[in-house]
Amino acid sequence: MDLEEAKEFKERCTQCAAVSWGLTDEGKYYCTSCHNVTERSKEVINTGAIPNTKIQAISRGLKRKRKLEKGWDWYVCEGFQQILYQQAEALKTLGVGPELKDEVLHNFWKRYLQKSKQAYCKNPVYTSGRKATVLEDNPSHSDWDSEPDLLSDFSCRSFVESGTDSQPDGRLQKPFPISRASQSETASICSGSLDGVEYSLRKEKGIVKMTVPRTLAFCYLSLLWQRETITLSDLLRFVEEGHIPYINAFQHFPEEMKLYGRDKGIFAIESWPAYEDIYKKMIEIAKFLDLPRFPDITEDCYLHPNILCMKYLMEVNLPDEMNDLTCQVVKMTGIGEVDFLTFDPIAKMAKTVKYDVQAVAVIVVVLKLLFLLDDNLEWTLSNIAEKYNEKNKEDKPWFDFRKWYQVMKRSVDEKKQKWEEARAKYLWKSEKPLYHSSIDRAVVYKRREMVVSLQKQFSTLIDSAPTVEKKSPSSFQFNWTEGDSARTCFHGHGLQGILKKKGQSMTTKNSLYWLSTQKFCRSYCKHVTTYEESNFSLSYQFIINLFSFLLRIKTSSLHEEVSLIEKRLFKTKYSKTKKKSRSRKGRKY
């Protein structure tokens, strides 16, 4: 240890603030007061004394390696920002316009950072004892009173320029820098991020805490603002199919963003996103951000029930003629009105329509109007259609419910089996191992190497087939083509055997209808109604299960939406039941 050679180092000690340095045997500076050892080492000035000049190159390489092992000083919000950027890029490859990433999602995220007091404010809330200063490059961003305008043309590099752009010094540019942390700061021993420990413990009233599922809520809000042709069920299905990063999204972080310890509980996800959960989180975020009324959902918009009903009729192989009936139900119930469909977060009762669930609920109601779905009438009408089709093979075929049921059941069972197998085989472990602390890093990586090696050996022994390439994304899960003998296409089949002429219009032969819900739950209940399969016909169960699988939602959620459509369609029936219940309560004997 040489105290004389260490005199030229004048920085204060981060532990005791003293300026009294010595040199260790490895050439690193240490504080003589508190014995704190720094990462800084004494550089060799006289290169002439070194016999081999290659040592300089080796020294530079070691410094870069040590710098890489230490990594960036980064905050948790920057990790979520990386995930949002990846998801926005994935949506762009799916055909979504670039303005969703560069304008809409960028502004929503900027607004969230300001509302949660993490950036764009005078005193960002970070870890205790470490006050982060807001970037001074643009002073207007540090004003808490001036909220960022939605969809403004503000040119920020948050999502436009990602961390993938290389810099002259070989270090990746950090996307959307939030604060300028001093070089002397080091990440917490318990987490790779600077605020991982405190973020996991933080519970502030009125602040919506960011999580990985909420990144999907942000994406759907942006899609809804842009009125894109992707519904919430489509978004979650693309996540399952691996087209949008979600599970193990952290493994695509830049190498300099070290992630371990408490970061694991923040960024590691071990369950698939659920429709209802993301839907609730989307409304929660929209209210927290005080977003204004969204752009109107008009008749020419993809999210309008008339268009979505047409899409799902094609999806489940039902006749095209049914679209006229779905449009009539939409008009009679008033669910196609602009004010009903448009999301307004600042309204008194902030809620948005489940556009895809509502559309399939309308189709279920139409099927009940046509076939009653009581395990009796639908089969009687199928017998009539079957006899007509046998006698008139050259004419337009009548829709046969029984034949359609057989075709759809076989197709859905095959699709469901593949889906369940894919879920069972899914590898939850990430390629980038997670560890509890930097001390465990070497052990965890060694174990991971052993696991990968064993997997390769076993796959060679069992002669397993190579993994199938990921299929290209599609809005349709089922494809139906004319002339396929194995899978009959019913799109061109007619409804003549089910409808009858009444004056100049057509009406259903079936004049009966049963309500899915006789009595709705009280206002204090968390649900509108309940769904017990055994209480309903097998045909109704099949229809509900079919559409629930298509949208990856719970059967109870679809049954509830069907009940709400019926409540709007049969107002008089429900008003009569209310009057009867009141009169019964009023009687006293």
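Note that this is a predicted model, so its numbers are computed, not measured.

(A) Structural context of the overall build of the protein. Looking only at helices and strands, the protein features 18 helices and five strands. Among the 589 residues that make up the protein, the fraction classed as buried is 45%. Restricting the contact set of the protein to residue pairs at least 6 apart, pairs at least 24 apart contribute 71%. Surface summary for the protein: the accessible area is close to 33,000 Å², and the carbon and sulfur share equals 51%.

(B) Examining the packing of aromatic side chains more closely. For the coordinates displayed, the defined rule picks out 32 aromatic pairs. Judged by centre distance (6.1 Å) and plane angle (80°), the ring pair of Trp-404 and Phe-542 falls under edge-to-face. Placement of the pair is Trp-404 in helix α14 (residues 401–425) and Phe-542 in helix α16 (residues 538–551), with a sequence separation of 138 residues. On the basis of relative accessible area, Trp-404 is assigned to the buried category, the value being 0%. With 5.3 Å between their ring centres and 35° between their planes, Phe-536 and Tyr-540 make a pair best called tilted. Each member of the pair, Phe-536 together with Tyr-540, is buried.

(C) Quick peek at the pattern of salt bridges. Evaluated as defined, the whole model comprises 17 salt bridges. A salt bridge links Glu-276 to Lys-354; the nearest nitrogen and oxygen atoms lie 2.6 Å apart. Of this pair, Glu-276 sits in helix α8 (residues 275–288) while Lys-354 sits in the loop between α11 (338–341) and α12 (355–371), placing them 78 residues apart in sequence. The partner of Arg-293 in a salt bridge is Asp-296, and the shortest N-O contact between them spans 3.2 Å. Residue Arg-293 is classed as partly exposed on the basis of its relative accessible area, which comes to 34%.

(D) Geometry of the nonpolar core. One finds Phe-80, Phe-218, Phe-267 and Trp-404 to be the most contacted residues of the largest nonpolar core, which totals 129 residues. Considering each element in turn, this core owes the most residues, 13 residues, to α12. When residues of this core are assigned to domains, at least three fall in each of domain 2 (72–121 + 189–291) and domain 3 (298–403 + 491–577). If near-sequence neighbours (up to four positions away) are discounted, Phe-80 is found in contact with Trp-109, Tyr-199, Met-210, Thr-211, Val-212, Thr-215, Ile-266 and Phe-267. Judged by nonpolar contacts, the second largest core, of six residues, contains Cys-13, Trp-21, Tyr-29 and Cys-31.

(E) Local environment of the side chain of Glu-315. Within the secondary structure, Glu-315 is located in helix α9 (residues 305–315). The buried category is assigned to Glu-315, whose relative accessible area is 1%. If we ignore the near neighbours within four places in the chain, the residues touching Glu-315 are Ser-475, Phe-476, Gln-477, Phe-478, Trp-480 and Leu-550.

(F) Representation of unusual backbone geometry within the structure. Phi at Lys-117 is positive, roughly 60°, even though this residue is not glycine. Inspection of the secondary structure puts Lys-117 in the loop between α3 (99–115) and α4 (196–201).

(G) Local environment of the environment of Phe-547. Positionally, Phe-547 belongs in helix α16. Take Phe-547: its relative accessible area is 0%, and that puts it in the buried class. Phe-547 sits 11 residues away from Leu-558 along the chain, and the two C-alpha atoms are 8.0 Å apart.

(H) Here's a closer look at helix α6 (residues 232–240). Counting buried residues along α6, eight of its nine residues qualify, which places the element largely inside the surrounding structure. When α6 is considered as a whole, its buried residues turn out to be Leu-232, Ser-233, Asp-234, Leu-235, Leu-236, Arg-237, Phe-238 and Val-239. Buried residues along α6 sit in contact with α2 (76–93), α5 (212–226), α8, α9, α12 and α16. Just past α6, the residue Gly-242 takes up positive phi, approximately 85°.

(I) View of the pairing of strand β5 (residues 505–508). Here strand β4 (residues 499–502) runs beside β5; their pairing, made up of four bridges, is antiparallel. Of the residues in β5, the one forming a bridge with Leu-499 is Thr-508. Here β4 folds back onto β5, and the loop between the two strands holds two residues, one of which, Gly-503, carries a positive phi near 75°.

(J) Main features of the environment of Glu-8. Note on placement: Glu-8 falls in the segment before β1 (21–23). Spatially, the C-alpha atom of Glu-8 lies 9.1 Å from that of Trp-21, the residues being 13 residues apart in sequence.

(K) Local environment of the packing of α9 against α12. Contact geometry of α9 with α12 gives a least axis separation of 9 Å together with a crossing angle of 70°. Classified by the angle between their axes, α9 and α12 sit roughly perpendicular to one another. Relative to α12, α9 is oriented so that their crossing is right-handed. Counted together, Pro-305, Leu-308, Cys-309, Tyr-312 and Leu-313 of α9 and Tyr-355, Asp-356, Gln-358, Ala-359, Val-360, Val-362 and Ile-363 of α12 form the full contact between these two elements. Residue composition of the contact of α9 with α12, grouped by class: 10 nonpolar, one polar and one charged.

(L) Region of the structure containing α14. Between its first and last C-alpha atoms α14 spans 36 Å; for 25 residues at 1.5 Å apiece the expected length is 36 Å, and the two agree. Within the span of α14, buried status applies to Phe-401, Trp-404, Val-407, Met-408, Ser-411 and Val-412. Residues of α14 that are buried sit in contact with α12, α13 (377–391) and α16. One side-chain oxygen at the N-terminal end of α14 lies 3.1 Å from the backbone nitrogen of Arg-402; it belongs to Asp-400.

(M) The packing of α2 against α3, seen in detail. α3 packs onto α2 with a crossing angle of 160° between their chain directions and a minimal axis gap of 11 Å. When the interaxial angle is binned, α2 and α3 end up roughly antiparallel. Crossing handedness for the pair α2 and α3: right-handed. Side by side, α2 and α3 meet where Cys-77, Phe-80, Gln-81, Leu-84, Tyr-85, Ala-88, Glu-89, Leu-91 and Lys-92 of the first sit next to Leu-100, Lys-101, Leu-105, Trp-109 and Leu-113 of the second. Of the residues that constitute the contact of α2 with α3, the class distribution is 10 nonpolar, one polar and three charged.

Conventions and cut-offs
Residues numbered from 1 in each chain as written. Predicted model: local features only at pLDDT ≥ 70, side-chain atom pairs only at ≥ 80, totals over all residues. Heavy atoms only, no water. Helix = DSSP H or I, 4+ residues; strand = E, 2+ residues; numbered from the N terminus. Buried < 20%, exposed > 50% of the residue type's maximum accessible area, 1.4 Å probe, protein only. Contact = heavy atoms within 4.5 Å. Areas by Shrake-Rupley, 256 points an atom, 1.4 Å probe, with all protein chains shown as cover. Phe/Tyr/Trp six-rings, centres within 6.5 Å; stacked < 30°, edge-to-face > 60°. Salt bridge = Lys/Arg side-chain N within 4 Å of Asp/Glu carboxyl O. Core = buried A, V, L, I, M, F, W, Y, C linked by side-chain atoms within 4.5 Å. Domains from an automatic or database assignment. Pairing = 2+ DSSP bridges. Axes fitted to C-alpha atoms, helices over the stretch in contact; angles between N-to-C directions. Parallel < 35°, antiparallel > 145°, perpendicular 65-115°, else oblique. Left-handed = near helix turned anticlockwise from the far one by under 90°. Nonpolar A, V, L, I, M, F, W, Y, C, P; charged D, E, K, R; others polar. Expected span 1.5 Å × (residues − 1). Polar contact = N/O pair within 3.5 Å; in protein donor to acceptor, adjacent residues only side chain to side chain.

Geometry only, nothing functional implied.
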